[in-house]
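# Examination of the molecular architecture
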Number of protein chains: 2
Amino acid sequence: MSLLVTGSIAIDTVKTPYGVSENCIGGSSVYFSMAASFFSPVRLVGAIGSDCPFDFAEVFAGRDVDLTGLEVRQHSKTFRWMGTYFDDMDDRKTDYIELNVLAEDPPKVPVSFKDSKFVFLANTAPKLQLQLLEQIEEPMFAAADTMDFWIERHLDDLKMLLKKINCLIINEDEAKLLANEHNLIKAAEKILSMGTKVVVIKKGESGSVVCDASGNKFVLPAYPAADVKDPTGAGDSFAGGLMGYIAQTGKTDFATLKTAVAYGTVVASFTIADFSVNGLTSIDRSDIDGRFEELRRLVQF
Amino acid sequence: MSLLVTGSIAIDTVKTPYGVSENCIGGSSVYFSMAASFFSPVRLVGAIGSDCPFDFAEVFAGRDVDLTGLEVRQHSKTFRWMGTYFDDMDDRKTDYIELNVLAEDPPKVPVSFKDSKFVFLANTAPKLQLQLLEQIEEPMFAAADTMDFWIERHLDDLKMLLKKINCLIINEDEAKLLANEHNLIKAAEKILSMGTKVVVIKKGESGSVVCDASGNKFVLPAYPAADVKDPTGAGDSFAGGLMGYIAQTGKTDFATLKTAVAYGTVVASFTIADFSVNGLTSIDRSDIDGRFEELRRLVQF
């Protein structure tokens, strides 16, 4: 079923102990779309400037990614991000950021996208996420990401958003910050009490925790990856695999959600194995399914 | 089958956001024995001074813990540790330490313990761990813990030890330090190349990773505990549950090891729910088995 994503499209420059990738394609909606397209058709909503060097038809060649919602703004410039990862690949430093189009009005959801049933609102101002969500007629399952900046400075907007979405996909530290609670399980319960029905907490190389309003819980380690070259996009790829699988099945029960989180975990493990989206362009669905079965075996006892 | 543990016995004072526990019983061999005794008889080897206020017959009442190896040294004092945990319960600060008996000659392994088949050498100088291990006639499966101090200052002794034991149970940061490798899976492989057949890496509230020399891997999240009052003893309880289950079955194949790690995880989750050993004295094996099944369900997809 139809899956819509709104988020950034970036020109990234990334340094890691394994090398440098200059002016490569990045951004939450790009990683998400790439990851989700293994499972379901994707509708991308995003904006770039006239300086954008990427041919998106080529970037998504062979994938069912509808670019009707891609706005090219002639008098604007594309979002740029430059960052460095250090030895442990756990934390990163932003060296440089140019918001450009991201500081302008958000892109509009095209009329032909308004019937989307599954929606992912990548990290941006909660007010914009709300505006984007309102343009969708009858979403069946809407998920959003957020970050510390919005929790600290736009909490009221974020709380409004939490009442409108079905699922929050959030980093561990940000979940604790949002809930003002150090214990992760208690933090999850507090976030659920804010209105969202499901919370998926991403713990990076330590996996994820999923809790829903009915008291269901799921804990999954990350895939034990020995090859990690560039963690950029891991979270958005995780969300893409997760939402892609949900859109593929058209179901949102907890069993489906667990499988979806496992698929998200697997797709993210391919993303981090190479720079930019190269880890995802070099694989196909059978690679994902193979590693999915491997992950299932790895946690069985 | 017979399971021997050598390690510390401590008078602990612990502060956490949930309260203070003054002059309570602690130490690696105490937590380990308490945890392992749910599964198997335990033989404890350790030393205390004449100041020790605990009645060990009472501490271990109803448990099959053989105290023949408990040395009471009339002219010595018991090991004391005082520490503080902060809000996130992740890291702790040692406020005060008095080695006392731990700075003296290690306790001897009693003759009646020399036929032990399963051995756990809790964290101490690797040279002492080697001396203790040499007193066991024919160990079937010996495991050891270590810490940054020994890795940084007594690496040669530690490398000798790694050739003599079957399993190293070690914290994540210490595994990376020992292997001089930031990626955990690569670190595990490097540690296996040092001679031990199995490495179990403890990641605290993020679970554990197990790798063996045959290429088997197992990843398990921690039990998602909402009640965490005092993390002291979590690692030794984990090792106790793990080794206790192995001693109970008498088997050391990878499937048994996975189940053992899951039991260790479950026992540790009870330990951290209360101060000192109270989390373990208030439960029985059926509580452990119940949570074991719950953990199995929590990771299934």
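Residues numbered from 1 in each chain as written. Chains lettered and ligands numbered in written order. Predicted model: local features only at pLDDT ≥ 70, side-chain atom pairs only at ≥ 80, totals over all residues. Heavy atoms only, no water.

Attention now moves to a negative patch on the surface. All names here are of chain A. A surface patch of like charges, here negative, comprises Asp87, Asp88, Asp90, Asp91, Asp148, Glu152 and Asp173. Secondary-structure assignment places aspartate 91 in the loop between β6 (79-85) and β7 (92-98). By relative accessible area, aspartate 91 is classed as exposed at 57%. (Patch = residues over 30% accessible without salt bridge, like charges linked within 9 Å, V, L, I, M, F, W, Y side chains within 5 Å. Areas by Shrake-Rupley, 256 points an atom, 1.4 Å probe, with all protein chains shown as cover. Salt bridge = Lys/Arg side-chain N within 4 Å of Asp/Glu carboxyl O. Lys, Arg positive; Asp, Glu negative; His and termini not counted. Charge placed at Lys NZ, Arg CZ, Asp CG, Glu CD. Helix = DSSP H or I, 4+ residues; strand = E, 2+ residues; numbered from the N terminus. Buried < 20%, exposed > 50% of the residue type's maximum accessible area, 1.4 Å probe, protein only.)

All right, on to the pattern of salt bridges then. Under the criterion given, the structure shown has 24 salt bridges over all chains. Here glutamate 172 of chain B ties to lysine 176 of chain B by a salt bridge, and the two come within 3.6 Å at their closest N and O atoms. Taken together, the residues span about one helical turn, with glutamate 172 of chain B and lysine 176 of chain B both in helix α6 (residues 172-179) at a distance of 4 residues. For lysine 176 of chain B, a relative accessible area of 14% corresponds to the buried category. Residues participating in the shared-partner salt-bridge network are Glu71, Arg73 and Glu104 of chain A.

Moving on to the interface of chain A and chain B. Contact residues are listed per partner, giving 33 residues for chain A and 33 residues for chain B. Across the chain A to chain B interface the summed buried area is about 2,900 Å²; carbon plus sulfur atoms make up 57%. Broken down residue by residue, the surface that chain A buries against chain B is led by His182, Val219 and Phe301 of chain A, which jointly contribute 26%. Across the contact surface, chain A and chain B share 2 salt bridges. Across the pair glutamate 205 of chain A and lysine 176 of chain B runs a salt bridge, and its minimum N-O distance is 3.6 Å. There are 16 residue pairs in polar contact (both at pLDDT 80 or more) connecting chain A and chain B. Within the residue set of the side of chain A that touches chain B, elements represented by two or more residues are α6 (172-179), α7 (184-192), β13 (217-220), α9 (254-271) and α11 (285-299) of chain A. (Contact = heavy atoms within 4.5 Å. Buried area = accessible area lost by both parts, 1.4 Å probe. Polar contact = N/O pair within 3.5 Å; in protein donor to acceptor, adjacent residues only side chain to side chain.)

Here we take up the state of the cysteines. Residue and element names in this part refer to chain A. Counted according to the given criterion, the structure contains 0 disulfides over all chains. A disulfide-free cysteine, cysteine 24 has its sulfur positioned 12 Å from the sulfur of cysteine 52, the nearest such atom. Accessibility expressed as a relative area gives 15% for cysteine 52, which makes it buried. (Disulfide = S-S within 2.5 Å.)

Turning to the relation of the copies chain A and chain B, a few remarks are in order. Superposing chain A onto chain B takes a rotation of 180 degrees plus a shift of 0.0 Å along the axis, which leaves an RMSD of 0.0 Å. Classification of the inter-copy transformation places it as that of a two-fold axis. The overlap is high: 100% of the interface residues of chain A also sit at the interface in chain B, so the same surface is used on both sides. (Least-squares fit on C-alpha atoms with pLDDT ≥ 70 in both.)

Moving on, we get to the sheet that holds strand β10 (residues 167-171) of chain A. Residue and element names in this part refer to chain A. The 9 strands are arranged β5-β4-β1-β8-β9-β10-β11-β12-β13 in an open sheet whose pairing can be described as mixed. The open sheet is flanked by β5 (65-73) and β13, the only strands paired with a single partner. On average, adjacent strands in this sheet sit at an angle of 15 degrees to one another, irrespective of strand direction. Taken together, the 5 bridges between β10 and strand β11 (residues 198-202) define a ladder with parallel strand orientation. (Pairing = 2+ DSSP bridges. Axes fitted to C-alpha atoms, helices over the stretch in contact; angles between N-to-C directions.)

This brings us to the packing of aromatic side chains. Here the distance between the centres and the angle between the planes together describe a pair of aromatic rings. Using the criterion set out here, one finds 18 aromatic pairs over all chains in the structure. Ring geometry for phenylalanine 39 of chain A and tyrosine 245 of chain A: centres 6.5 Å apart, planes at 90 degrees, overall edge-to-face. Residue phenylalanine 39 of chain A is found in the loop between α1 (28-36) and β4 (42-49), and its partner tyrosine 245 of chain A is found in helix α8 (residues 234-249); the two are separated by 206 residues along the sequence. Residue phenylalanine 39 of chain A shares its accessibility class with tyrosine 245 of chain A, and that shared class is buried. Their ring planes at 0 degrees and their centres at 4.7 Å tell us that phenylalanine 32 of chain B and phenylalanine 120 of chain B sit as a pair that is stacked. With phenylalanine 32 of chain B in helix α1 (residues 28-36) and phenylalanine 120 of chain B in strand β8 (residues 118-121), this residue pair connects regions lying 88 residues apart in the sequence. Residue phenylalanine 32 of chain B shares its accessibility class with phenylalanine 120 of chain B, and that shared class is buried. An aromatic cluster is present here, built from Phe39, Phe218, Tyr245, Tyr263 and Phe292 of chain A together with Phe301 of chain B joined pairwise through their rings. Over the ring of phenylalanine 38 of chain A we find arginine 63 of chain A; its NZ or CZ atom is 4.7 Å from the centre of that ring. (Phe/Tyr/Trp six-rings, centres within 6.5 Å; stacked < 30°, edge-to-face > 60°. Lys NZ or Arg CZ within 6 Å of the ring centre and 35° of its normal.)

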